[in-house]
Amino acid sequence: MPISIKLGIAGRLFTAALACLTLAATVPTGRLGSTGYLFIQSTSPEVPLYVYTPIPESGLEPRNIHLSFGDNETSVVVTWSTRNDTQSQVQLMSVQPPNATEKLYNGSSMIFVDSGTKKATQYVHRVTLPDLGWGGLFKYRCGSQATGWSDWFEFRTPKRGFSPRLAMFGDMGMVNAQSLPRLMQDASAGMYDAILHVGDFAYDMQEQDGATGDQFMQMIQPIAARLPYMTCVGNHEFMYNFSHYKNRFTMPKGFGGDGESMFYSFDLGPAHIIGISTEFYFFVEYGVDQLKSQYDWLQADLERASKNRAARPWIIIMGHRPMYCSNDDGDDCTFGALFMREGFLARWYPLEPLLQKYGVDLALWAHEHTYERMWPVTRLEVRNGSWAEPYSEPRGTVHVVTGSAGCRERHDTFGSPMYYSAFRSTDYGYTRMQIFNSTHLSLEQVSDDQQGRIIDRITIVQHNHGPFP
């Protein structure tokens with residue numbers, strides 16, 4: 001839910017605590033059964049009940065296992081945690097092409113101490129599997145020869161010249177993660193090459209001295225241990241200067257960035273994808289230097305990407321708080337969106353001029369617990385390609401808000417429709433994207449409330465990627 005910049009940390013904590021007390025008795029999914037297993041049920045009876053396996057009791061056993069892309073599309077980073085200090089190793093075996101020889105990769109670990117009262121400690125392990133080649137099927141397990149291994153997991157590297165397929169959403173919590181069972185069903189069917197989680201995790205990771213974060217990471221492990229789980233930070237990660245987010249996730253460093261997963265970029269098929277922290281504009285108590293650093297890096301990254309459009313024509317940016325939306329929950333779509341477009345205090349480090357100058361094709365946001373698709377827009381002006389085909393050769397960025405995966409704060413509501421808003425829904429669900437080639441990209445919105453029905457679908461056609469007038 002929105003948290004105003006006008007509140008101090010104490011005020012933000014009070015607001016979050018009040019929301020928990022108000023909603024705890026009414027959220028229907030994500031409950032603990034008598035066995036201690038968490039279960040989540042979609043509204044659709046054909047989607048299997050998802051039963052979450054508890055965190056391993058042993059301090060040596062790997063948990064919270066997840067993948068991310070490395071410095072290129074065929075490199076993968078495996079991240080996991082343990083309670084005790086152990087070696088950081090991954091055993092990898094090629095399934096396709098078949099090769100029974102196991103290869104051992106070594107990595108490193110770092111200690112992460114939660115800043116809560118218990119000072120709960122864990123070790124976060126990272127192992128890079130570099131340059132695995134195109135079109136491979138691999139199985140792996142993580143841990144160490146000395147202290148034991150995790151279960152085996154499988155993942156694929158993309159085929160050369162592939163058309164990336166992604167699932168995208170934000171604002172998924174431990175409680176009421178309604179979209180997760182259907183997402184798991186999709187992933188099991190091989191529908192995606194990667195996941196984009198656009199901020200706000202667990203609600204909230206630092207709660208229960210970090211145990212909520214541990215439980216959430218274990219809950220998403222069946223997906224995240226098999227598909228690169230790419231992220232950006234949200235407002236619900238703000239505690240202790242975003243330390244849980246920074247320590248738990250491992251985003252690429254190949255194009256610079258801050259090295260803490262707050263801002264970074266990566267190439268995927270015909271697209272260059274950028275993840276940023278919108279929270280730098282709002283949590284200035286942690287310093288404004290990080291805002292300037294991100295802005296300078298983003299401008300340089302966009303400049304580099306614009307010179308590489310022959311190879312990666314699509315430029316896509318994702319961040320948590322939207323530049324455009326029409327919800328009526330506080331000031332997110334007025335004051336907050338103004339900060340995103342025009343900069344801190346509507347003056348410093350504005351983002352929208354960069355999107356216009358470098359012709360960013362698509363902007364993905366969350367934060368609002370709804371789905372909303374905008375017309376192509378720049379500087380508050382709708383820039384459709386034509387009246388009949390608005391998304392064919394658009395002259396502005398297409399903005400999409402996809403924050404309805406499900407959390408304890410449930411839905412947000414909409415205000416009066418805005419002229420730049422093309423479609424909106426309060427259904428729980430998530431967004432699918434496929435980048436077909438250099439000119440065609442499709443988006444569709446899945447409604448879990450309507451048994452997986454596609455409630456919105458567009459194709460963006462762009463033959464002339466570049467600056468918007």
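As the structure is a prediction and not an experimental result, all values here were calculated from the model.

1. Describing the side chain of Asp 186
- Along the chain, the position of Asp 186 falls in helix 2 (residues 180-188).
- Not counting residues up to four positions away in its chain, the partners in contact with Asp 186 are Met 191, Tyr 192, Tyr 430 and Arg 432.

2. So, the packing of helix 2 against helix 3 (residues 211-224)
- Where helix 2 meets helix 3, the axes come as close as 10 Å, and the angle between the chain directions of the two elements is 25°. Judged by the inter-axis angle, helix 2 sits roughly parallel to helix 3. Along its contact with helix 2, which presents Leu 180, Leu 183, Met 184 and Ala 187, the element helix 3 presents Met 219, Pro 222 and Ile 223.
- For the contact of helix 2 with helix 3, the residue count by class is seven nonpolar, no polar and no charged.

3. Some details on helix 5 (residues 289-306)
- Here helix 5 contains 18 residues, and its C-alpha end-to-end distance of 26 Å stays within 8% of the 26 Å for a straight helix at 1.5 Å per residue.
- Within helix 5 the residues assigned to the buried category are Gln 290, Leu 291, Gln 294, Tyr 295, Trp 297, Leu 298, Asp 301, Leu 302 and Ala 305.
- Looking at the packing, one finds that the buried side of helix 5 touches helix 4 (239-248), strand 18 (264-268), strand 19 (271-275), strand 20 (314-318) and helix 7 (352-357).

4. Some remarks on unusual backbone geometry
- Look at the link from Gln 96 to Pro 97: it is a cis peptide, with omega at 0°.
- Even without a glycine there, the phi angle at Lys 119 is positive, about 50°.
- Locating Lys 119 in the fold gives a position in the loop between strand 8 (108-113) and strand 9 (121-129).
- For Lys 119, a relative accessible area of 45% puts it in the partly exposed group.
- Although it is not a glycine, Tyr 349 adopts a positive phi angle of roughly 60°.

5. Observations concerning the packing of aromatic side chains
- One pass over the full model with this rule turns up 23 aromatic pairs.
- Relative to Tyr 349, the ring of Tyr 295 lies with its centre 5.5 Å away and its plane at 50°, an arrangement referred to as tilted. With Tyr 295 in helix 5 and Tyr 349 in the loop between helix 6 (332-342) and helix 7, the pair connects residues that are 54 residues apart, well separated along the chain.
- On the basis of relative accessible area, Tyr 349 is assigned to the partly exposed category, the value being 23%.
- Seen in terms of ring centroids, Tyr 419 and Tyr 420 are 5.1 Å apart; in terms of plane orientation they differ by 70°. Their pairing is edge-to-face.
- In this structure Tyr 419 comes out as partly exposed when scored by relative accessible area, which is 49%.
- Look at Tyr 420 and you get buried, because its relative accessible area is 4%.
- Among the aromatic side chains, those forming a connected cluster through ring pairs are Phe 282, Phe 335, Phe 339, Phe 344 and Trp 348.
- The residue whose ring lies beneath Lys 139 is Trp 152, and the NZ or CZ to ring-centre distance is 5.0 Å.

6. Structural notes on the pairing of strand 19
- In terms of burial, strand 19 is largely enclosed, as five of its five residues are buried.
- Of the two faces of strand 19, the one holding Ala 271, Ile 273 and Gly 275 and the one holding His 272 and Ile 274 are both buried throughout.
- In this sheet, strand 19 lies alongside strand 18 in antiparallel orientation, the contact comprising five bridges. Each residue of the ladder has a partner; that of Leu 268, found in strand 19, is Ala 271.
- The turn joining strand 18 and strand 19, which pair antiparallel and follow one another in sequence, is formed by two residues; a positive phi near 60° is taken by Gly 269.

7. Concerning the pattern of salt bridges
- The full count for this structure, using the stated rule, is 19 salt bridges.
- Across the pair Asp 448 and Arg 182 runs a salt bridge, and its minimum N-O distance is 2.7 Å. One end of the pair, Asp 448, is in the loop between strand 28 (440-447) and strand 29 (453-461); the other, Arg 182, is in helix 2, and 266 residues separate them in sequence.
- Looking at Asp 448, the relative accessible area reads 0%, which means it is buried.
- Among the charged side chains, a salt-bridge network with shared partners connects Arg 63, Arg 83, Asp 214 and Arg 248.

8. Description of the environment of Trp 375
- For Trp 375, the position within the fold is in the loop between strand 22 (371-374) and strand 23 (377-378).
- Take Trp 375: its relative accessible area is 25%, and that puts it in the partly exposed class.
- For the pair formed by Trp 375 and Tyr 419, sequence separation is 44 residues and the distance between their alpha carbons is 8.7 Å.
- Residues contacting Trp 375, with those up to four places away along its chain left out, are Val 382, Asn 384, Pro 390, Tyr 391, Thr 397, Tyr 419, Tyr 420, Ser 421 and Ala 422.

9. What to know about the confidence of the model for the protein chain
- Averaged over every residue, the pLDDT of the protein chain is 89; residues scoring 70 or more account for 89%.
- For the stretch residues 1-37, pLDDT sits under 50, and the model shows 68 contacts to residues farther than four places along the chain or on other chains.

Rules of the game
What you see as residue numbers is a count from 1 along each chain, following the sequence as written. With pLDDT at 70 or above as the cut-off, local features in this predicted model cover only qualifying residues; side-chain atom pairs require 80 or more to be listed or tallied, and sums for whole chains, interfaces and linings still use all residues. Side-chain descriptors were evaluated using all non-hydrogen atoms of the structure, hydrogens and water having been removed beforehand. The way it works is that DSSP assigns letters per residue, a run of H or I at least four long becomes a helix, a run of E at least two long becomes a strand, and they are numbered from the N terminus. Throughout, a residue-residue contact means that at least one pair of heavy atoms, one from each residue, lies within 4.5 Å. To get an axis, fit a line to the C-alpha atoms, keeping to the stretch in contact for a helix; angles then go from 0 to 180 degrees between the N-to-C directions. Here roughly perpendicular refers to angles of 65 to 115 degrees, roughly parallel to angles under 35, roughly antiparallel to angles over 145, and oblique to all remaining angles. When residues are grouped by polarity, Ala, Val, Leu, Ile, Met, Phe, Trp, Tyr, Cys and Pro land in nonpolar, Asp, Glu, Lys and Arg in charged, and all others, Gly among them, in polar. Multiplying one less than the number of residues by 1.5 Å gives the expected span of a helix. Here the term buried applies to any residue with accessible area under 20% of the maximum for its type, exposed to any over 50%, and partly exposed to those in between, with areas from a 1.4 Å probe on protein chains only. Each aromatic pair joins two rings of Phe, Tyr and Trp (for Trp, the six-membered one) with centres within 6.5 Å, and gets the label stacked for planes under 30 degrees apart, edge-to-face for over 60, and tilted for any other angle. Two conditions define a charge sitting above a ring: the NZ of Lys or the CZ of Arg must be within 6 Å of the ring centre, and it must be within 35 degrees of the ring normal. Two strands are said to pair when DSSP picks up at least two bridges between them. Every case where a carboxyl oxygen of Asp or Glu lies within 4 Å of a side-chain nitrogen of Lys or Arg is listed as a salt bridge. Across the chain, each position has a pLDDT score giving the predictor's confidence in that residue, from 0 to 100.

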